[in-house]
Amino acid sequence: MAPFDPVALMGKPMGYLVFVLFGMAFGASLEIAGFGVAHKLVGQFYFKDQTVFKTMFTSVLVAMALLFLTIGLGWLDYDRIFVPPTYLWPGILGGLLLGFGIIIGGYCPGTSLASSASGHLDGVFFVLGVMSGGLLFGSVVDSFWDFYNSSFMGRFTLPEWLGLPTEVVVAIVLVVGLLSVWGSDLIEKAWKRREGILTQEEIKKDKRILSIVSVALLAAAVLILFVGQPTLTDAWNRNTEKQALLQEGKIFPSPEEVSLAFYDPIINPILLDVRSERDYNLYHLENARRVEEKDIPALYDELLQAPEGSVIIVMSNDETKAIEVWKTLVAKNSINAYVLEGGVNKWIDTYANGQFQKIANHPDDALGWVIPDALGDKWSSAIPPQPHNYGPFKYDVIKLQKKAPTGAGGCG
Amino acid sequence: MTAASTTKTPMKKQRARKPFTNSIIAGVILGFVLFGVYFFTGDGLGASGGANRIAIWLAKIVVPGWVNSTPYLIKYGGGAKKPLDSFIVMLDIGVLLGGFLSAWYFGRLKVETIKGPRITPTTRWIIAFIGGTLAGFGARMARGCTSGQGLNGTATLSVGSWAFLLAFFAGGYILAYFVRRLWF
């Protein structure tokens, strides 16, 4: 499933070439729009030329429609594409400064490159300014470091902010965005009419283009609403790779293997206990964190951010419930998770045999031992035994996974 | 166009100068490019990040001690770090190439200074440099420029990026009246 990591797939030279090619397409798009000419850009702010608004919004709407359509169809993983993290106030201040920059200097960083490339000397001076401004920022940022890192909200999206389903927000943005593109076209036409440079031919041509694009984007909005956005269950049903792993039983590390991972310096085991509070209080592994099944979606983002080397081990009393939770975690391949073989029952069987009385014929996934006191992880067997010798650490099931790319970002 | 421009060196063999593409069509093309880079790489477009890295690379040649003693710059180019070794620099190289090829193909390649009729080319260069400095500083502050935040972030529904975009347009409109003589 997209996205891919060109550098990891094809090596650095070829991977970087991919980015050069996308850059070329970007540069050419800016040039053909006229963004290499300062007056086309600043005209926006004098209500003369609406190219900036029209081109920029159209591109955002088109890209958004295609992104969320492919995400909805399960071809692209939203979790692994770069969404600029929100630092609200530094972002707003930076935006204002860029607004000042464009009205004074005539460009923004990208368009000044396109301008320079078309031979415009003012563009070259703007680029030199951008470079100096960056260095200046680097040398003074320490004096306002706290502000620079303030109002951090992480990967915070409009659907989360509005509390609406993603596909609904996308549809709303598409409709409102199209209306504002039509609106800005009217403003531009009004100015041209006053200047006497508006031809009937242009009116007709623009109307036709705008209508075609609008119909296409509205159709996309309907399609996006219809397709919806993938739930973790949808992603699981499409994930044949992980389904095969489950079928072959290659997701169940034994208690011994999990114990080993505990002491492995390069593995960071995260133990998720999905049993009832009662069972958890009676007996759980040291450092195991109890989570309700309904809290898994909220936990998902946190697990996604877990450092490289993190291995998630899900456990229930036997395996049934743990497997269900595991399915949602690994559905998108973004999280490296396993299920403790035989669950807590087998753990007790392995490390505390003889200490508790076994319950014969307990129902599936119920606690299979009589635990006399709710000591939680204060039972000596709740702490995995230390290995006899440290390393080399070898595993049959657990595999360290390179962290899935979440995108380094546009201006990193 | 109402702009007056001063021609420095006319190109020897002029290709016929073609008008710019319709703004909506250009937007659709740019939209497909933005979608493509996201779909195939997971990263968005960007411009200021690459320029910043090139600046740090140059600074490292001239004043390595300064780069190595400034925490923010160390992150990109301190010690053995190679500031140019990033996909974002590749994007910028591409933007220059693509912009150049497009301008050449459509007969718009011309060494000139785009400026308003009331100011001299030298004034225009100084003003462009000042505007660029503001933009470069702002792009670092916002962790992205009109591309990195304005395009990537809005298309992927980042709250901060939409706030950024509103502030960007606000900044332009607030100052427009006061600097109108630079342009018209």
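These numbers come from a predicted model, not from an experiment.

(A) Broad picture of the domain arrangement of chain B. Residue and element names in this part refer to chain B. Taken as a whole, chain B is organised into domain 1 (21-111) and domain 2 (112-184). Taken together, the contact between domain 1 and domain 2 spans 10 residues of the former and 10 residues of the latter. Residue contributions to the side of domain 1 that touches domain 2 peak at three residues, all from helix α2 (residues 48-62). Classifying every residue of the side of domain 1 that touches domain 2 gives four nonpolar, five polar and one charged.

(B) Structural view of the domain arrangement of chain A. Residues and elements named next belong to chain A. Domain parsing of chain A yields domain 1 (6-231) and domain 2 (236-382). A C-alpha centroid distance of 45 Å is found between domain 1 and domain 2. With four residues of domain 1 in contact, the opposing surface of domain 2 contributes four residues. Residue composition of the side of domain 1 that touches domain 2, by class: no nonpolar, one polar and three charged.

(C) Quick look at the confidence of the model for chain A. All names here are of chain A. In the predicted model, chain A carries a mean pLDDT of 90, and 97% of its residues have values of at least 70. When pLDDT is averaged over each helix and strand of chain A, the minimum, 80, is found for helix α15 (residues 296-304) and the maximum, 97, for helix α4 (residues 88-105). Note that residues 405-412 has pLDDT below 50 and, in this model, 37 contacts with residues that lie over four places away or in other chains.

(D) Looking closely at the interface of chain B and chain A. Counting residues at the interface gives 119 residues for chain B and 118 residues for chain A. Of all the secondary-structure elements, those providing two or more residues to the side of chain B that touches chain A are α1 (23-41), α2, α4 (71-77), α5 (87-105), β2 (111-115), α6 (121-141), α7 (146-155) and α8 (159-176) of chain B. The element contributing the most residues to the side of chain B that touches chain A is α1(B), with 19 residues. Classifying every residue of the side of chain B that touches chain A gives 69 nonpolar, 40 polar and 10 charged.

(E) Just unusual backbone geometry, in detail. Residue A:Asp365 is not a glycine yet carries a positive backbone phi of 65°. Of note, A:Asp365 is situated in the loop between β7 (357-358) and β8 (369-370). Residue class for A:Asp365 comes out buried when judged on the 20 C-beta atoms lying within 10 Å of it. Even without a glycine there, the phi angle at B:Arg143 is positive, about 60°. Locating B:Arg143 in the fold gives a position in the loop between α6 and α7.

How each quantity is defined
- Residues numbered from 1 in each chain as written.
- Chains lettered and ligands numbered in written order.
- Predicted model: local features only at pLDDT ≥ 70, side-chain atom pairs only at ≥ 80, totals over all residues.
- Domains from an automatic or database assignment.
- Contact = placed C-beta atoms within 7 Å.
- Helix = DSSP H or I, 4+ residues; strand = E, 2+ residues; numbered from the N terminus.
- Nonpolar A, V, L, I, M, F, W, Y, C, P; charged D, E, K, R; others polar.
- pLDDT = per-residue confidence, 0-100.
- Buried ≥ 20, exposed ≤ 12 C-beta atoms within 10 Å, placed from the backbone.

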